[in-house]
Amino acid sequence: MLATEIKERKLEKERVVNACFPALTLSGLSAEELKDLCRELNSKIDVVDEARYDIEVKVDKNVIELQALNQKITGLKGAKRPNLKRVKKTTDDMLGACGDNSKLMKADFKVNLKTVKKEEEKKEEVNDWRKNVEALSGMEGRMKKFNAGQ
């Protein structure tokens, strides 16, 4: 069925081409007549190429115009984003959503976390600096600092 339709289309195409463009009879033509025929065919080709180029330019211009109009339409519509809802899931729910429950063990991630104790910062006692200046002045004061550090 399809093969017959394809053959019919080919035959129809050949008939239309033969009707529009008669076969060239080159036998019995002199060299000058052949040159004239070639010039005539080249001029027809040039006319067709110009028309094809003009049509391509029009098509490209229309495509650019369509793209600009589509951009304006999307700009006027604006991009609507759906409101996302915050969903709270427990660890068991997340593991259950993964698939096979028999293979997964229930895990409580909070139990496996290490506990970190915050170390309190050592605060130096704030003393009156004027008293320390007199006590630490000279070599004796430096020795006191040295001995205190050990």
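Residues numbered from 1 in each chain as written. Predicted model: local features only at pLDDT ≥ 70, side-chain atom pairs only at ≥ 80, totals over all residues. Heavy atoms only, no water.

## What about the overall build of the protein?
Then, in step 1: When helices and strands are counted, the protein shows six helices and zero strands.
Then, in step 2: Element order for the protein, N to C, with α for helix and β for strand: α-α-α-α-α-α.
Then, in step 3: Residues classed as buried in the protein amount to 1% of the 150 residues present.
Then, in step 4: Summed over all atoms, the accessible surface of the protein reaches about 16100 Å², with 57% contributed by carbon and sulfur. (Helix = DSSP H or I, 4+ residues; strand = E, 2+ residues; numbered from the N terminus. Buried < 20%, exposed > 50% of the residue type's maximum accessible area, 1.4 Å probe, protein only. Areas by Shrake-Rupley, 256 points an atom, 1.4 Å probe, with all protein chains shown as cover.)

## Remarks on a nonpolar patch on the surface
Then, in step 1: Residues Leu24, Leu26, Leu29, Leu34 and Leu41 make up a contiguous nonpolar surface patch of roughly 390 Å² in combined accessible area.
Then, in step 2: Since its relative accessible area comes to 32%, Leu29 is described here as partly exposed. (Patch = residues over 30% accessible without salt bridge, like charges linked within 9 Å, V, L, I, M, F, W, Y side chains within 5 Å. Salt bridge = Lys/Arg side-chain N within 4 Å of Asp/Glu carboxyl O.)

## Overview of helix α2 (residues 31-77)
Then, in step 1: Taking 1.5 Å per residue as the helical rise, α2 with its 47 residues ought to reach 69 Å, and the 68 Å between its terminal C-alpha atoms agrees with that figure.
Then, in step 2: Following α2 by one or two positions, Gly78 has its phi on the positive side, about 80°. (Expected span 1.5 Å × (residues − 1).)

## Considerations on the pattern of salt bridges
Then, in step 1: According to the stated counting rule, one finds five salt bridges in the structure shown.
Then, in step 2: In this structure, Arg52 and Glu56 form a salt bridge, with 3.1 Å as the shortest nitrogen-oxygen distance. Remark: Glu56 and Arg52 occur in helix α2; sequence separation between them is four residues, near one turn of the helix.
Then, in step 3: Its relative accessible area of 44% is what places Arg52 among the partly exposed residues.
Then, in step 4: A relative accessible area of 39% places Glu56 in the partly exposed class.
Then, in step 5: Taken together, the salt bridges that share partners define one network made up of Asp49, Arg52 and Glu56.

## Quick word on the confidence of the model for the protein
Then, in step 1: Of the residues in the protein, 67% reach a pLDDT of 70 or more, and the chain-wide mean stands at 79.
Then, in step 2: Mean pLDDT across the elements of the protein ranges from a minimum in helix α5 (residues 129-135), with 60, to a maximum in α2, with 93. (pLDDT = per-residue confidence, 0-100.)

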